Every structure is written in C-alpha cells, then in structure tokens.
Amino acid sequence: MKIKLAVLPGDGIGPEIVEQAIKAIKAVSKKFGHDLNYEYGITGAGAIDKVGNPYPDETHELCMNSDVVLFGAVGDPRFDNNPSAKVRPEQGLLQMRKKLGLFANIRPVETFKSLINKSPLKREIVEGVNFVTIRELTSGIYFGERGRKDNGNTAFDICQYTKEEIKRIMKLGFEFAMKRKKKLTVVDKANILETSRMWREVAQEMSKDYPEVKMDYLFVDNAAMRIIQWPKSFDVIVTENMFGDILTDEASVITGSLGLSPSASMGIHTSLFEPIHGSYPQAAGKDIANPIATILSAAMMFEYGLYLQKENEIIRKAVTASMEAGIVTEDIATGKAYKTSEVGDWIAKWIEEN
Ligand code: IPM
Ligand code: MN
C-alpha cells in the first residue's frame, strides 16, 4: 500500500525520538512491501523561530495531504519562563488539533511484564493493568474564551461543551468498550460543574443504545485516587480535555516511565500519533530519551490510522523483545543503559529479522 506520512518532530527530544520511530516504520514498510513516502514539517518553538508561527499553513497543508501524521513533542523553557510571550509552542499543538478536527485522544496504559519492578506501585496492583483513556481534545477549558478583566487584575478561562461534542466522543467511548471488556467509566465533576452534568445527561441517554456496556461515573478527584489504588478496575475511561490531560500523565507512570506511553488523536481529518510526554528539553540532543512511547505511537498509527494490524503487532512485539533483552534507555534500565539511537536500531533490526 502507498503510505503518505507527515513527520513533525517538534522541539527538545522530539527529533531524536521521532527518528527512532521512523526507523521502525521503514523496517515494517519494507517487510510488508509498502511504498512509504514521508515529508517533514515544522512546528512548535522551532517554527516560531523560523516563521513566527508554531503551526504554519505549510505544515497544516502537509498534514491535510497526508494519510497519517507522526508527531514528536513541542515546548521550550524560553517560553515557559516568560508569561508575557505572545506566541507559544503549545499553541501550535492546539491549533493543529483544532484544524485537523482531532477531537478524540486515545491513551492506552498497558504494563510490560519485564518492567513491573520499575513501577512506583506494588507488583500486585500493577500486574495485568490494561485500560485506555479517551480524552476529548478540541474543546472544554483549553478552547473556551479566556482573558483578563478589572484592569488586568482578574483572569478567566471558560469551560464550555456542546451536546454534539460530547456525543461524538462518547460514541467512541462506547465503541471502544464494546471491543474490550464492555466497561465504560465517565470521569467528571458533576457535583460542581454544569458541563459535567450535561455530559452525564448525554451519556445516560446514549447508554440505552449500548445495553451490553456497563457504564459508571466517577468524580475526577476520586478517579485520580483509584487509578493509583486500583488501576485494574478500569477498562475504558472517557473524559473531558483537561481532566484527561491530568489523569493520563498520572496513569502513564503506572507502567514504570512516562517515556512508554503512546497516543492516537483522531477525528475529522488526518489522524495524528504522538507520545504523551513532552519535549524534555534537559535531555535534548543527548541521545538518552526513551523512544518507546514514540515507537508505540507508530504502532498505533498502523492500527488506527492505516488499519494494518500485522504491522502494528510486529512493532509491539519488537518493543516487548527489546525490553526483555534489556535494550532500554536509562529511565528504565536496571543494568546497562542504552542510547536512544541504539534502542531504535535494535528494534528496527528485530523487525527486519522476525
Ligand atoms: C499533552 C500535552 C499538551 C496538552 C500541551 C503540551 C499543550 O500536555 O498532549 O498532554 O496539555 O494537551
Ligand atoms: Mn499532557
């Protein structure tokens, strides 16, 4: 099959982790006879420096004209420490999500047997954890009206949802649950927030169409606790934008490192695949960052973006093999720590040979 891939490495460790995923994608494409064409685009701080815009039109065009997008990370401390910066790298990511209509962000958490002792939680709590969070990605407080009033002395950010926005993400939640253990948990703050109460209304109404799915609700504070205390109790979580952002960082460390968690963003136009971690500027250029989250995002790209299951599976198997062989970066190493590029090379070679 002909595959047109847009590659947006971004800032910090973005380029080096994306490079490792490209190695895996190339190896898989060669193995299964796909005609892979990829083209790079600029985003984030790098794009602000070059053209003054963190998501330039040319990059958007490239994404729109591709089958799938592979994304690294954006963010730069130069902007974080400057509250009055007019444009920020993260705005690029938000614009990209909005313009591509990526309303659903799929973030799975799965533990690797060989890494259980790296988890901050006890073995019996982590072993066998397997759930997925579906985070709404193009609305809520991230995209509501924001500003200052009272001569700049009061600031506000509005959280707003339409029923349509809730319906489309809930639909995906039910569909995921149907393909899994048929358990759907809606996370909200319905004891306080009107958006959450409307979310429950919509969810309740829709659950009639999915009688096999056991749906329950959790307040977000309680969910944060249970993800740590009883992560095995979850199958599919569906939640709004900011709750999903926070809970998925929390959930990702269950596996032993933030550097292991991939994600898929899907919606109206081209789907996008990216690790859930950020640009980790302290490690940029050092060849020490964990490329696994990005390589697993490439696996998700084959699964959810190109519907090629064997290609997805072989990448996942290669990742598991690398961990079992101890070919891992310093964040999860028990013995020798390998470089980012060495892990990428090893995984690509494993794919070629297996
Ligand atoms: C994420 C990131 C982004 C978010 C930032 C970089 C804007 O934390 O993808 O989870 O908050 O959505
Ligand atoms: Mn986040």
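J.: An account of the site of ligand 1 is needed here, citing residue identities and associated values.
T.: Taken together, Glu90, Leu93, Arg97, Arg107, Arg135, Tyr142 and Asp245 make up the full set of residues adjacent to ligand 1. For ligand 1, an oxygen atom lies 2.7 Å from a polar atom in the side chain of Arg97. Arg135 is positioned with one of its side-chain polar atoms (N or O) 2.8 Å from an oxygen atom of ligand 1. When isolated, ligand 1 has an accessible area of 320 Å², and the protein chains bury 79% of it.

J.: Give a description of the nonpolar core that names residues and reports values.
T.: Within the largest apolar cluster, 69 residues are counted, with the highest numbers of intra-cluster contacts made by Leu5, Ile106, Met170, Leu184, Phe302, Ile347 and Ile351. By residue number, the principal contributor to this core is helix α11 (residues 292–305), which donates eight residues. Per-domain counts for this core show at least three residues from each of domain 1 (1–102 + 269–354) and domain 2 (120–255). Leave out the neighbours within four places in its chain, and Leu5 touches Ile22, Ile25, Leu36, Asn37, Tyr38, Glu39, Ser66, Val68, Val69, Leu70 and Met301.

J.: Break down the domain arrangement of the chain for me, with residues and values.
T.: What the domain assignment reports for the chain is domain 1 (1–102 + 269–354) and domain 2 (120–255). With seven residues of domain 1 at the interface, the matching set in domain 2 holds nine residues. Summed over both sides, the interface between domain 1 and domain 2 buries roughly 710 Å², with carbon and sulfur atoms accounting for 67% of that surface. There are zero salt bridges connecting domain 1 and domain 2. Taken together, the connections running from domain 1 to domain 2 amount to one residue pair in polar contact (both at pLDDT 80 or more). If one sorts the elements of the side of domain 1 that touches domain 2 by residue count, helix α5 (residues 89–99) sits on top with three residues. Looking at side-chain class alone, the side of domain 1 that touches domain 2 contains four nonpolar, one polar and two charged residues.

J.: With reference to specific residues and values, describe the packing of helix α1 (residues 14–32) against helix α12 (residues 309–324).
T.: Contact geometry for α1 and α12: axes closest at 10 Å, N-to-C directions at 130 degrees. It follows that α1 is oblique to α12 by the angle criterion. Between α1 and α12 lies a crossing of right-handed hand. Across the interface between the two elements, Val28, Lys31 and Phe32 from α1 touch Lys310, Glu311, Ile314 and Ile315 from α12. Split by residue class, the contact of α1 with α12 holds four nonpolar, no polar and three charged.

J.: Would you mind going over the sheet that holds strand β5 (residues 130–136) in detail, with residue names and values included?
T.: Spatial strand order, β2-β1-β3-β12-β11-β4-β5-β10-β8-β9: ten strands in an open sheet with mixed pairing. Two strands in the sheet have a free side with no partner beyond their single neighbour: β2 (35–40) and β9 (214–219). Looking at each pair of strands side by side, their axes are set apart by 25 degrees on average, direction ignored. As judged from the four bridges shared by strand β8 (residues 183–188) and strand β10 (residues 236–239), these two strands associate in the parallel manner. The residue bridging Thr185 from the neighbouring strand is Ile237, located in β10. Running over the sheet, α5 touches β1 (2–10), β3 (68–73), β4 (104–110), β5 and β12 (271–275) and is turned about 150 degrees from β12.

J.: Could you give an account of the side chain of Asn312, naming the residues involved and the relevant values?
T.: As for its placement among the helices and strands, Asn312 is situated in helix α12. Residue Asn312 is classed as buried on the basis of its relative accessible area, which comes to 5%. The contact partners of Asn312, leaving out residues within four places of it in the chain, are Ala299, Phe302 and Glu303.

Criteria and thresholds
Residues numbered from 1 in each chain as written. Chains lettered and ligands numbered in written order. Predicted model: local features only at pLDDT ≥ 70, side-chain atom pairs only at ≥ 80, totals over all residues. Heavy atoms only, no water. Near = heavy atom within 4 Å. Polar contact = N/O pair within 3.5 Å; in protein donor to acceptor, adjacent residues only side chain to side chain. Areas by Shrake-Rupley, 256 points an atom, 1.4 Å probe, with all protein chains shown as cover. Core = buried A, V, L, I, M, F, W, Y, C linked by side-chain atoms within 4.5 Å. Buried < 20%, exposed > 50% of the residue type's maximum accessible area, 1.4 Å probe, protein only. Helix = DSSP H or I, 4+ residues; strand = E, 2+ residues; numbered from the N terminus. Domains from an automatic or database assignment. Contact = heavy atoms within 4.5 Å. Buried area = accessible area lost by both parts, 1.4 Å probe. Salt bridge = Lys/Arg side-chain N within 4 Å of Asp/Glu carboxyl O. Nonpolar A, V, L, I, M, F, W, Y, C, P; charged D, E, K, R; others polar. Axes fitted to C-alpha atoms, helices over the stretch in contact; angles between N-to-C directions. Parallel < 35°, antiparallel > 145°, perpendicular 65-115°, else oblique. Left-handed = near helix turned anticlockwise from the far one by under 90°. Pairing = 2+ DSSP bridges.

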